[in-house]
Amino acid sequence: MTVPASDPAGSGRIVFDRVAHSFPGGSGGNATEAVTDFSLDVEQGSFVCLLGPSGCGKSTILNLAAGFERPTRGSVSVGGRPVTGPGPDRGMVFQDANLLPWRNVLENITLGPELAGRPREETLAAARRFITLTGLQGFERHAPYELSGGMRQRAALARAWITEPAILLMDEPFGALDAQTRLSMQELLMSVRQVTGATVLFVTHDVDEALFLADEIVVMTPRPGRIRKKIVLPFTRPLVYEQLILNAAFTELKHDILYTIRRPEYDI
Amino acid sequence: MHPEKTSFGKGRAVAVSLAAVTLFVLLWSAGGRFGLFNPLLLPPPEEIWATGREMLTDGYRQLPLLYHVAISLGRVIGAFIPAVLVGVPLGLAMGLFPVLRAILDPFVQFFRPLPKLALIPLVILWLGIGEVSKVFLIFISALLTVLVGCAAAVGGADRNRLRLGRALGATNRQLLRYIVFPGALPEIFTSVRLAVGVGWTTLIAAEMVAADTGLGWMVLNASSYMRTDIVMLGIILLGLTGYMLDMLIVALQKAVVPWDGKA
């Protein structure tokens, strides 16, 4: 990944500046404030996990970065420019793989380049590369409904990676998978990230997942979500999960984070 | 989908259905044989069968039985195809453009529940007593069904799929082509399937318009001569033909949207 010289901030940098976001209330009800006073600088090439209880507005932060929503107050900028809407510079991975059921695996992966009008040969070459990276060889012609949850999410990752976005926005992408599959997907994500080098903003409520994947964990408060704590992780990569969980720092951090999330009154 | 569907195999379901129908016909036949009901009011199946074979050769009112089947089918298909050709694009447009929907919706919602029989006097006055008025009645019924279904189909486009398209840089036109239309296909098919049913139902109303051919007319005509065997033959043929039309649409649906209900 090269950073254009004309872009001093780095195209993969996300800056949230005192962001607040409210959803209009139901019939006659008051607006619900999902996040408030949220400031965060996600550096180019870093992996940041947003961690917090459900309903704390983690996904809202992601949707603001994606451009699906506009902040009620404050600003969100990507690569130094304010976010005005979604764009292919920010790849999105959803909790359910969100594959288009009328397209087979290969056609799902090549959707982005096809929309961008890329030459077919170039697209197929790139698709082959990411199919190999994600271990989907032999499944190119399968329909999404013929795949397991893990395989679907592999295809969703390949689809997001093929356009080589500077930023990947991931909304609990492995939350619906069983524990073993989740772990292998996490390892896949780490290994491919070494190749693509994109900035990752990753939403999860799984503390172990955040500790395994992230460079920095941002713990959020319950609604309206604000930043409770930022933790820069001390681990040196590459990490092996089985060894990480024996690491004293891992155990201590996990303990602290769980207390922060579940028992705010302790305030460690 | 029903959870039992997997444990109760498809082959077994067909076998049980066939057995149920066979048993029903046997009971019906036995009831007639033992004089349980008046054959004038409820003719036994073998009498209907005999009437059918007789009419295959001799016809009904100078016209072969299959001709009546064909002309009824022709009316329904002749109304159904334009209803789909007009209804699908117009319905999709209604779903996409709120203004168009606001303009057309009051008319659609007014006419849709209206019993089409009530329109017969006007249709006869305006379009005469020929084929046009019969086909028109079926067309209107089918069209309204398709319109409502297709408008709902695009209105219900999946939010996450739209977001996916936008995140991949799709233009509005690309969103329609790559996300909205394919996503609406299952519902479009459902509305088309409903429209076939509605069209077939309206056939009877249409063939009350000064007809002298068709299955619906045959049933109505035979009833005035107390020919309950012909009435029941007509009803059975109406039912079977409608059933086959429906199976045809379902087969088409399975071929075009094999992923429906699986994703």
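What you are looking at is a predicted structure, and each value in this text was computed from that prediction instead of being measured.

## Regarding the overall build of chain A
Within chain A, the secondary structure is distributed over nine helices and ten strands. Taking 268 residues into account, the globule formula puts the C-alpha radius of gyration at 18 Å, and chain A, at 19 Å, falls close to it. With respect to the three principal axes, the spread of C-alpha positions in chain A is 55 × 45 × 45 Å. Taken across its 268 residues, chain A has 43% of its residues classed as buried. A fraction of 70% describes how many contacts in chain A between residues 6 or more apart in sequence connect residues 24 or more apart.

## Here we look at unusual backbone geometry
Residue and element names in this part refer to chain A. For the bond running from R223 to P224, omega is -5°, close enough to zero to count as cis. Locating P224 in the fold gives a position in the loop between β9 (216-220) and β10 (227-232). Look at D37: it is not a glycine, yet its phi comes out positive at around 45°.

## What about the interface of chain A and chain B?
Each partner contributes to the interface: chain A provides 21 residues, whereas chain B provides 15 residues. Put simply, the parts of the chain that give the side of chain A that touches chain B at least two residues each are β6 (90-93) and α3 (111-115) of chain A. Of the residues assigned to the side of chain A that touches chain B, the class counts are 15 nonpolar, five polar and one charged.

## Observations concerning the pairing of strand β3 (residues 47-51) of chain A
Residues and elements named next belong to chain A. Of all five residues making up β3, five are buried, and the element is well covered by its neighbours. Across five bridges, β3 lies against strand β8 (residues 199-204) in parallel orientation. Note that in β8 the partner of F47 across the bridge is V200. Direction of pairing for β3 relative to β9: parallel, over a ladder of four bridges. Pairing of L50 across the sheet is with V218, part of β9.

## Observations concerning the nonpolar core
Among the nonpolar cores identified, the biggest contains 129 residues, and C49(A), L51(A), A65(A), L201(A), F202(A), A142(B) and V146(B) are the most heavily contacted of them. Both domains that meet at this core, namely domain 1 (43-89 + 166-268) and domain 2 (100-164) of chain A, each give it at least three residues. The contacts of A142(B), once residues within four sequence positions are left out, are A79(B), F80(B), A83(B), A195(B), V198(B) and G199(B).

## Remarks on the confidence of the model for chain B
Looking at chain B, pLDDT values average 89 and 97% of them are 70 or higher. Complex prediction metrics read pTM 0.81 and ipTM 0.88.

## Quick look at the domain arrangement of chain A
All names here are of chain A. Domain boundaries in chain A define domain 1 (43-89 + 166-268) and domain 2 (100-164). The C-alpha-based centres of domain 1 and domain 2 are spaced at 25 Å. Contact with domain 1, which involves twelve residues of that partner, is made by eleven residues of domain 2. Ranked by the residues each element gives to the side of domain 1 that touches domain 2, the list is headed by helix α6 (residues 179-196), at six residues. Of the residues assigned to the side of domain 1 that touches domain 2, the class counts are ten nonpolar, two polar and no charged.

Conventions used here
- Residues numbered from 1 in each chain as written.
- Chains lettered and ligands numbered in written order.
- Predicted model: local features only at pLDDT ≥ 70, side-chain atom pairs only at ≥ 80, totals over all residues.
- Helix = DSSP H or I, 4+ residues; strand = E, 2+ residues; numbered from the N terminus.
- Rg over C-alpha atoms; globule rule 2.2 N^0.38 Å.
- Buried ≥ 20, exposed ≤ 12 C-beta atoms within 10 Å, placed from the backbone.
- Contact = placed C-beta atoms within 7 Å.
- Nonpolar A, V, L, I, M, F, W, Y, C, P; charged D, E, K, R; others polar.
- Pairing = 2+ DSSP bridges.
- Core = buried A, V, L, I, M, F, W, Y, C linked by C-beta atoms within 7 Å.
- Domains from an automatic or database assignment.
- pLDDT = per-residue confidence, 0-100.

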